[in-house]
Amino acid sequence: MNNLEHIIREQVWAQVDSQVDSQVDSQVWDKVDRQVWDKVWDQVKFQVRDQVRDQVRDQVRIQVRDQVTETIK
């Protein structure tokens, strides 16, 4: 294979790869990405919400307890 053939093949494969990548991204990956994200978010969002609620409750309880203790003294 001479140099010109090599250059042409590299350019052709680069163009083919780019087109395939673009089609896979737009037709497959974007849809899978959205579906997976939606499922993961649905699973995680309630866990995160519950953790935040628990942390805030704990902080508020400590503050209220401290205030009541100070008031009683």
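Structure: see above.
Notes on the structure in this doc start here. (Residues numbered from 1 in each chain as written. Predicted model: local features only at pLDDT ≥ 70, side-chain atom pairs only at ≥ 80, totals over all residues. Heavy atoms only, no water.)

## Details of the overall build of the chain
- Helix and strand counts for the chain stand at 1 helix and 0 strands.
- Each principal axis of the C-alpha atoms in the chain carries an extent, and together these give about 95 × 25 × 10 Å.
- The 73 residues of the chain split such that 0% are buried.
- Within the structure as shown, the chain displays about 7000 Å² of accessible surface, and the carbon and sulfur contribution to it stands at 54%.
- Counting 11 positive and 14 negative side-chain charges, the chain places the averaged centre of each group 12 Å from the other. (Helix = DSSP H or I, 4+ residues; strand = E, 2+ residues; numbered from the N terminus. Buried < 20%, exposed > 50% of the residue type's maximum accessible area, 1.4 Å probe, protein only. Areas by Shrake-Rupley, 256 points an atom, 1.4 Å probe, with all protein chains shown as cover. Lys, Arg positive; Asp, Glu negative; His and termini not counted. Charge placed at Lys NZ, Arg CZ, Asp CG, Glu CD.)

## Section: the packing of aromatic side chains
- According to the stated counting rule, one finds 1 aromatic pair in the structure shown.
- Look at W37 and W41: their rings are 6.1 Å apart centre to centre, the planes differ by 15 degrees, and that puts the pair in the stacked class. Here W41 and W37 lie together in helix α1 (residues 3-72), a separation of 4 residues that amounts to about one turn.
- The partly exposed category is assigned to W41, whose relative accessible area is 40%. (Phe/Tyr/Trp six-rings, centres within 6.5 Å; stacked < 30°, edge-to-face > 60°.)

## Re a nonpolar patch on the surface
- Taken together, L4, I8, V12, W13, V16, V20, V24, V28, W29, V32, V36 and V40 make up a surface patch of nonpolar side chains, about 1000 Å² in accessible area.
- Within the secondary structure, V40 sits in helix α1.
- Classification of V40 by relative accessible area gives partly exposed; the value is 36%. (Patch = residues over 30% accessible without salt bridge, like charges linked within 9 Å, V, L, I, M, F, W, Y side chains within 5 Å. Salt bridge = Lys/Arg side-chain N within 4 Å of Asp/Glu carboxyl O.)

## Observations concerning the pattern of salt bridges
- On inspection of all chains with the given rule, the structure shows 4 salt bridges.
- One salt bridge in this structure joins R57 and D54, with 3.6 Å as the shortest N-O distance. Of this pair, R57 and D54 both sit in helix α1, separated by 3 residues, roughly a single helical turn.

## Some points on a negative patch on the surface
- Among the surface-exposed residues, D17, D21, D25, D30 and D33 lie close enough to one another that they form a single negatively charged patch.
- Here D30 is to be found in helix α1.
- Among the residues examined, D30 registers a relative accessible area of 32% and is labelled partly exposed.

Distances and angles like these do not, on their own, reveal function.
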